[in-house]
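Structural characterization, general
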Amino acid sequence: MTNATAEIPPPPVAYREPLTIGTHQLASRFNLAPLAGYTNLPFRLSIREIGGVGLCTTDLVNARAILESLKKTLELLATDPAERPLFVQIFGSKPHEMAGAAKWLVERGLADGIDINMGCPVRKVVAVGGGSSLMCDTTGATVELVRKVVEAVPVPVTVKMRLGWDDDQLTAPHFAREFEKAGVAAVTIHGRTREQGFAGGVNHDGIRRVVEAVDKMPVFGNGDVRNVADAAKMIADTGCHGIAIGRGALSDPWIFRQLDNWVRTGDPGPRGTYAERIEFMRLHLRRLIAWRGTEDRGCVHFRKVATWYTKALRFPKKAQQRLVMLRKVTEFEEIIAPFAEGVPEGWTEWDTQQAHVPVPAGPIAHW
């Protein structure tokens, strides 16, 4: 598809200028947003190799667990020189733990920047005072927590947050303004409230108010960007300085390359082919096995992502059921063999955009 089709608007001129977060000049203005359970080392490395991504951030990691050096937490912190610069996202509610965890990460060379989670709506994070709950306190305690982290490390500190707790508490503009004064290098705004969870549309006007609340600090828009047209609308509506993409990247890992091509040339260039998507899934599995240490553990972890792959590739239900119970690489190769040589009749790019990543559903109180 080219710009001549009129389906793709011209790219914003400002996006051709390099953007810097702290001392890190980004390769593009399109970042991989952190998603718990998904944006681990295997996926980040695979996304990097396709190209176009500006910055990657880890899954959210418990600050206290970092200080206690818990085995599972250390696995989440696995990194590779090929994916630097890398920001590590931490969550918690106690300033000394958050600052201590940030310092611990930087001293060990595990983080080129620290991202503070103020957006996670899930109950187990909110219940301990982390995530979205930090957006409820405008008395100064939340700003002081962030300030402590900024002062603890010599690397840039960023914050990812929602618009607020609910429609009556849209505190993001206030916090963005105060965070800039405290030395935060950039913020990412998910355009929903905590009360919304992942339901309803993204509020572009809310993101714009955050952009207008700051002086020079970059603001990244986040939420429901799955293609170039979505990105163009996000930029036009909000004036955001960049875009962070989470679920859209899981269903279409080529989105960063397309967005970068679009900004540079006006033409997004080719999407990932069906064969390339099969190969990406295979690579993802093999890296999960290497990361988890055994074939069995890697296959078990792959089950979590199998459903979105099978939907995007339009595998029949029988193949999907086998992949979500996967135990061996040989079994994986046997399952995908019938699909490796051709494209299912009627398959289109629309299938990949409908392969949404599962998110919590129902009343937020039950999450």
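Below, the structure is looked at part by part.

What counts as what
Residues numbered from 1 in each chain as written. Predicted model: local features only at pLDDT ≥ 70, side-chain atom pairs only at ≥ 80, totals over all residues. Heavy atoms only, no water. Helix = DSSP H or I, 4+ residues; strand = E, 2+ residues; numbered from the N terminus. Contact = heavy atoms within 4.5 Å. Areas by Shrake-Rupley, 256 points an atom, 1.4 Å probe, with all protein chains shown as cover. Lys, Arg positive; Asp, Glu negative; His and termini not counted. Charge placed at Lys NZ, Arg CZ, Asp CG, Glu CD. Salt bridge = Lys/Arg side-chain N within 4 Å of Asp/Glu carboxyl O. Buried < 20%, exposed > 50% of the residue type's maximum accessible area, 1.4 Å probe, protein only. Core = buried A, V, L, I, M, F, W, Y, C linked by side-chain atoms within 4.5 Å. Expected span 1.5 Å × (residues − 1). Arc of directions from axis to C-beta. Axes fitted to C-alpha atoms, helices over the stretch in contact; angles between N-to-C directions. Parallel < 35°, antiparallel > 145°, perpendicular 65-115°, else oblique. Left-handed = near helix turned anticlockwise from the far one by under 90°. Nonpolar A, V, L, I, M, F, W, Y, C, P; charged D, E, K, R; others polar. Phe/Tyr/Trp six-rings, centres within 6.5 Å; stacked < 30°, edge-to-face > 60°. Lys NZ or Arg CZ within 6 Å of the ring centre and 35° of its normal. Pairing = 2+ DSSP bridges. Right-handed = clockwise from strand over helix to strand, strands pointing away.

**A few points about the overall build of the chain**
A count of helical and extended segments in the chain gives 16 helices and ten strands. For the chain, the spread of C-alpha atoms along the principal axes amounts to about 60 × 50 × 40 Å. When contacts within the chain are restricted to residue pairs at least 6 apart in sequence, long-range pairs at least 24 apart make up 71% of them. With an accessible surface of roughly 15200 Å², the chain has 53% of that area assigned to carbon and sulfur atoms. Counting 45 positive and 41 negative side-chain charges, the chain places the averaged centre of each group 4 Å from the other.

**Things to note about the pattern of salt bridges**
Counted by the stated rule, this structure contains 25 salt bridges. As a salt-bridge pair, Glu334 and Arg322 come within 3.2 Å of each other at their nearest N and O atoms. Highlighted residues: Glu334 in helix 15 (residues 329–336) and Arg322 in helix 14 (residues 317–323), separated in sequence by twelve residues. Assessed through its relative accessible area of 29%, Arg322 is described here as partly exposed.

**Quick word on the nonpolar core**
It is characteristic of soluble globular proteins that their nonpolar side chains tend to be buried jointly. Among the nonpolar cores identified, the biggest contains 97 residues, and Met161 and Phe302 are the most heavily contacted of them. With eight residues, the top contributor of residues to this core is helix 12 (residues 274–292). Apart from the residues lying within four places of it in its own chain, the contact partners of Phe302 are Met281, Leu285, Leu288, Tyr309, Leu323, Leu326 and Phe332. Among the nonpolar cores identified, the runner-up in size contains eight residues, and Leu19, Ile21, Leu55 and Phe220 belong to it.

**Quick word on helix 6 (residues 141–152)**
Here helix 6 is twelve residues long and its end C-alpha atoms lie 17 Å apart, about the 16 Å a rise of 1.5 Å per residue gives. Burial in helix 6 covers these residues: Thr142, Val143, Leu145, Val146, Val149 and Val150. One face of helix 6 carries all of its buried residues, which in axial projection span an arc of 160°. Looking at the packing, one finds that the buried side of helix 6 touches helix 4 (95–107), strand 6 (113–118), strand 7 (157–162) and helix 7 (172–182).

**Comments concerning the packing of helix 8 (residues 204–213) against helix 9 (residues 228–238)**
The geometry of helix 8 relative to helix 9 is characterised by a closest axis approach of 8 Å and an angle of 55° between their N-to-C directions. Between helix 8 and helix 9, the interaxial angle falls into the category oblique. Between helix 8 and helix 9 lies a crossing whose hand is right-handed. Contact residues: His204, Ile207, Arg208 and Val211 in helix 8; Lys233, Met234, Ala236, Asp237 and Thr238 in helix 9. Partitioned by chemical class, the residues of the contact of helix 8 with helix 9 number four nonpolar, two polar and three charged.

**Observations concerning the packing of aromatic side chains**
In the structure shown here, the tally under the stated rule is nine aromatic pairs. A ring pair is formed by Tyr15 and Phe30, whose centres lie 5.8 Å apart and whose planes are at 40°; its orientation type is tilted. With Tyr15 in the segment before strand 1 (20–21) and Phe30 in strand 3 (residues 30–32), this residue pair connects regions lying 15 residues apart in the sequence. Ring centres 4.1 Å apart and planes at 15° place the aromatic pair Phe315 and Phe339 in the stacked group. Of this pair, Phe315 sits in the loop between helix 13 (295–312) and helix 14 while Phe339 sits in the loop between helix 15 and helix 16 (349–353), and the two are 24 residues apart along the sequence. Grouped by ring-pair contacts, the aromatic residues Tyr38, Phe302, Trp308, Tyr309 and Phe332 constitute a single cluster. The side chain of Arg292 reaches across the aromatic face of Trp291, ending 5.5 Å from its centre. Lying across the ring of Tyr38, Lys304 places its NZ or CZ 5.1 Å from the centre.

**Some details on the pairing of strand 5 (residues 86–91)**
When a strand is regular, its side chains alternate between the sheet's two faces. Most of strand 5 is tucked away: six of the six residues are buried. Burial along strand 5 is two-sided: Leu86, Val88 and Ile90 facing one way and Phe87, Gln89 and Phe91 facing the other are all buried. For strand 5 and strand 6, the ladder comprises four bridges, and the chain directions are parallel. The residue of strand 6 that forms the bridge with Ile90 is Ile116. Regarding the hand of the β-α-β motif, the stretch spanning strand 5, helix 4 and strand 6 is right-handed.

**Some words on the pairing of strand 9 (residues 219–222)**
Covered by surrounding structure in strand 9 are Val219 and Gly221 together with Phe220 and Asn222, the residues of both alternating faces. Relative to strand 9, strand 8 (residues 186–190) is paired through four bridges, and the arrangement is parallel. Pairing of Val187 across the sheet is with Val219, part of strand 9. Bridge analysis of strand 9 against strand 10 (residues 242–245) gives three bridges, and the strand direction is parallel. Bridged to Asn222 within strand 10 is Ala244. The parallel pair strand 9 and strand 10 is bridged by helix 9, and the resulting crossover is right-handed.

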